[in-house]
Amino acid sequence: MKRTMLEKKISGPSSIDGEFAGLFSKFALEGTFAAAQPYGSGHIHETYLLHTRGHASPDYILQRINTNVFTDVPRLMENIVRVTGHLRRKIAAIPGADPDREVLRVVPSSDNRYFHQDGDGNYWRCYVFIDHQRPGDRVESPGQAFEAGKLFGRFINLLSDLPGPPLHETIPAFHNVEHHLDQFKEVLQADPLLRRNEAAKEIIFVQERAEEMKRILVLGREGRIPLRVTHNDTKFNNILFDGKGRARCLVDLDTVMPGYVHYDFGDAIRSGCNRAREDEPDLERVGMDIHLFAGYARGFLESLPGCLSTVEISHLAFSAKLFAYMVGLRFLSDYLVGDLYFKTVRSGHNLQRARVHFQLLLDMERRGAEMEDIVSGLALETTS
Ligand code: ADP
Ligand code: GN1
Ligand code: MG
């Protein structure tokens, strides 16, 4: 039985519907195509919700995969199929859990692959739509942050015994800050759109912090922190909440690959604990919400009991700074190069996003000791 928490906007047939009816037939979907609408606020893919007629068949999420970002679609989908299969098996064994609401289900194409390539060379993929509440792009309460943290921690925990070879690296050096700094230097030098002056303050901000931001990479190289299977894109809008406010399912599995625990913690904090949106024009509104931080950290640590080493735990608070820095840096480079990577809706959008992240980092620098104390207090509580 299809649930209808999401308000449906089925209007008359439109040209977009005609195109999607054709794509619908390329996947092994149940039911009859009714209508399509753009969906979500992700920065990478084109995402559509496909409605089916009646309540007997599910709705679907159809995505045109961004192949500038993910250049090897078969390997990308191979990772996702492995990861969702493993999660499904493990979640099915948890009493009271519901794999259909807690794990993405990839729908095969009619020719039995996990994607469809159209006549123009576009790659498409399809998931069963999981009905959820849409809390928006921002965390609203420490309770919600706790839920989010718990889900992210559980994800790492459940994948800690993923059998087989390491997952493919779908975006090489994705969270390697040295790589992003190299790219930044290159684009700064080329300055193809003469945007450098506009970003003069931000450029200095980046340069001043470049060395200290390499800390996690150094720990990794020295073998002091282990590679785990991490999500690597723990943005708040990649979580689906159910009607009771529980964080149930993690989507956007494109970047699930080997990583450090700090990648998932840090990215979640920079995305979820900012008091403002990530493109807020009024920088005065930007700042760390320490109560959300505490909620997140508690949820995360509680779902990884005894799993993390002392070295890992002692760098969690720092990882929040790293991600405010690194995501800001990526937005800044993209602004300088001409907005080629992240979707933008206005001119200067990526520069504004970079400014928000750097403002957030300034606030995190002010509250660093407080963040450290919260994590170490919780670590004691959750291990004793
Ligand atoms: P992007 O990489 O562009 O962020 P995502 O894979 O995150 O793309 O999808 C965009 C949005 O679509 C998500 O943030 C989420 O709100 C929604 N979404 C994705 N998959 C599903 C699904 N199976 N069921 C319900 N909503 C989904
Ligand atoms: C992108 O795909 P989405 O919107 O969930 C990006 C993340 C950034 C984030 C910034 C594959 O996430 O790395 O942190 O934007 N994803 C990719 O909002 O680059
Ligand atoms: Mg996303």
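Not measured: the values here are computed from a predicted model.

As a further point, take the coordination of the magnesium ion (ligand 3). Protein-derived coordination of the magnesium ion (ligand 3) comes from Asn238 (OD1) and Asp252 (OD), at a distance range of 2.2 Å. Taken as a pair, asparagine 238 in the loop between β7 (228-230) and β8 (239-241) and aspartate 252 in the loop between β9 (247-250) and β10 (257-259) lie far apart in primary sequence, 14 residues in all.

Here we take up the pairing of strand β3 (residues 60-64). Burial analysis of β3 places 4 of its 5 residues in the buried class, which makes it a mostly covered element. In the sheet, strand β2 (residues 46-52) pairs with β3 via 5 bridges, with the strands oriented antiparallel. Paired with threonine 47 across the two strands is glutamine 63, which belongs to β3. Note that β3 and strand β6 (residues 123-128) share 5 bridges and pair antiparallel. When the sheet's bridge partners are listed, glutamine 63 is paired in β6 with arginine 125.

Counting residues in hydrophobic clusters, the biggest one holds 109 residues, and the most contacted among them are Ile239, Ile269, Met288, Phe293, Tyr296, Tyr325 and Leu332. Broken down by element, this core gets its largest block of residues, 15 residues, from helix α11 (residues 316-337). Residue-level mapping places this core at the junction of two domains, with at least three residues from each of domain 1 (2-128) and domain 2 (142-383). If sequence neighbours within four positions are ignored, methionine 288 has contacts with Ile269, Cys273, Arg275, Phe293, Leu360, Asp363, Met364, Arg367 and Met371. Within the second largest apolar cluster, 14 residues are counted, among which are Phe24, Tyr48, Val107 and Trp124.

With that settled, the discussion passes to the site of ligand 1. Around ligand 1 there are 18 residues in total, and His45, Ile130, Asn237, Asn238 and Asp252 lie nearest to it. Contact distances for ligand 1 include 2.7 Å between an oxygen atom and a backbone N or O atom of asparagine 237. Summarising the interface, the protein chains cover 96% of the accessible area of ligand 1, which totals 540 Å² for the free molecule. Elements with a contribution of two residues or more to the shell around ligand 1: β3 and β6. Residue classes in the shell around ligand 1 are distributed as 9 nonpolar, 8 polar and 1 charged.

Definitions and cut-offs
- Residues numbered from 1 in each chain as written.
- Chains lettered and ligands numbered in written order.
- Predicted model: local features only at pLDDT ≥ 70, side-chain atom pairs only at ≥ 80, totals over all residues.
- Heavy atoms only, no water.
- Donors = N, O, S within 2.8 Å, 3.2 Å for Na, K, Ca; no water.
- Helix = DSSP H or I, 4+ residues; strand = E, 2+ residues; numbered from the N terminus.
- Buried < 20%, exposed > 50% of the residue type's maximum accessible area, 1.4 Å probe, protein only.
- Pairing = 2+ DSSP bridges.
- Core = buried A, V, L, I, M, F, W, Y, C linked by side-chain atoms within 4.5 Å.
- Domains from an automatic or database assignment.
- Contact = heavy atoms within 4.5 Å.
- Near = heavy atom within 4 Å.
- Polar contact = N/O pair within 3.5 Å; in protein donor to acceptor, adjacent residues only side chain to side chain.
- Areas by Shrake-Rupley, 256 points an atom, 1.4 Å probe, with all protein chains shown as cover.
- Nonpolar A, V, L, I, M, F, W, Y, C, P; charged D, E, K, R; others polar.

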